[in-house]
Amino acid sequence: SLDAPVNELLAKTKSTYRIPGGERALLKHLMSHSALNMHYVNGVPLGRPMPPIRDFLEGNQEYGYVPVKVQNPPGEVFQYSGGGFLILE
């Protein structure tokens, strides 16, 4: 369901990642850009190794990523979030 809490869904998988402070973040909030930070996904410079996605979620200074976290109360404010799409991926 799009109303499923993301951290609960992650707990049902092999992932140990959880959105810090994201207890109220629902799947629909990730898809509608209404919960998390990280305006754009920077990508990886050509010729550089691709780190695990979790490195981006937890912050990777080498590639300019800050940790993904709840930016606004989920569902209340639209703010483009590449972080939400990294989690969905």
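Above this text you will find the structure in question.
Residues numbered from 1 in each chain as written. Predicted model: local features only at pLDDT ≥ 70, side-chain atom pairs only at ≥ 80, totals over all residues. Heavy atoms only, no water.

1. Digging into the overall build of the chain
Helix and strand counts for the chain come out as four helices and zero strands. Secondary structure elements of the chain, listed N to C terminal, follow the sequence α-α-α-α. Compactness check: the chain gives a C-alpha radius of gyration of 13 Å against a globular reference of 12 Å for 89 residues, within 12% of the reference. Referenced to the eigenvectors of the C-alpha coordinate spread, the extents of the chain come out at roughly 40 × 30 × 20 Å. Looking at the chain alone, contacts between residues at least 24 apart form 62% of all its contacts between residues at least 6 apart. (Helix = DSSP H or I, 4+ residues; strand = E, 2+ residues; numbered from the N terminus. Rg over C-alpha atoms; globule rule 2.2 N^0.38 Å. Contact = heavy atoms within 4.5 Å.)

2. Topic: the environment of M50
With respect to the helices and strands, M50 occurs in the loop between α2 (27–31) and α3 (53–58). Overall, M50 belongs to the exposed group, its relative accessible area being 55%. Those residues within four positions of M50 in sequence are excluded, and the remaining contacts are V44 and F56. (Buried < 20%, exposed > 50% of the residue type's maximum accessible area, 1.4 Å probe, protein only.)

3. What to know about the pattern of salt bridges
Side chains that differ in sign of charge can pair as their charged atoms come close. Under the criterion given, the structure shown has three salt bridges. For the salt bridge of E62 with R48, the shortest nitrogen-to-oxygen distance reads 2.1 Å. Of this pair, E62 sits in the loop between α3 and α4 (82–88) while R48 sits in the loop between α2 and α3; the two residues are 14 residues apart in sequence, bridging distant segments of the chain. Given a relative accessible area of 38%, R48 falls into the partly exposed group. (Salt bridge = Lys/Arg side-chain N within 4 Å of Asp/Glu carboxyl O.)

4. Looking at a nonpolar patch on the surface
On the surface, a nonpolar cluster with roughly 360 Å² of combined accessible area is contributed by L2, M31, F85 and L88. As for its placement among the helices and strands, F85 is situated in helix α4. Look at F85 and you get partly exposed, because its relative accessible area is 38%. (Patch = residues over 30% accessible without salt bridge, like charges linked within 9 Å, V, L, I, M, F, W, Y side chains within 5 Å. Areas by Shrake-Rupley, 256 points an atom, 1.4 Å probe, with all protein chains shown as cover.)

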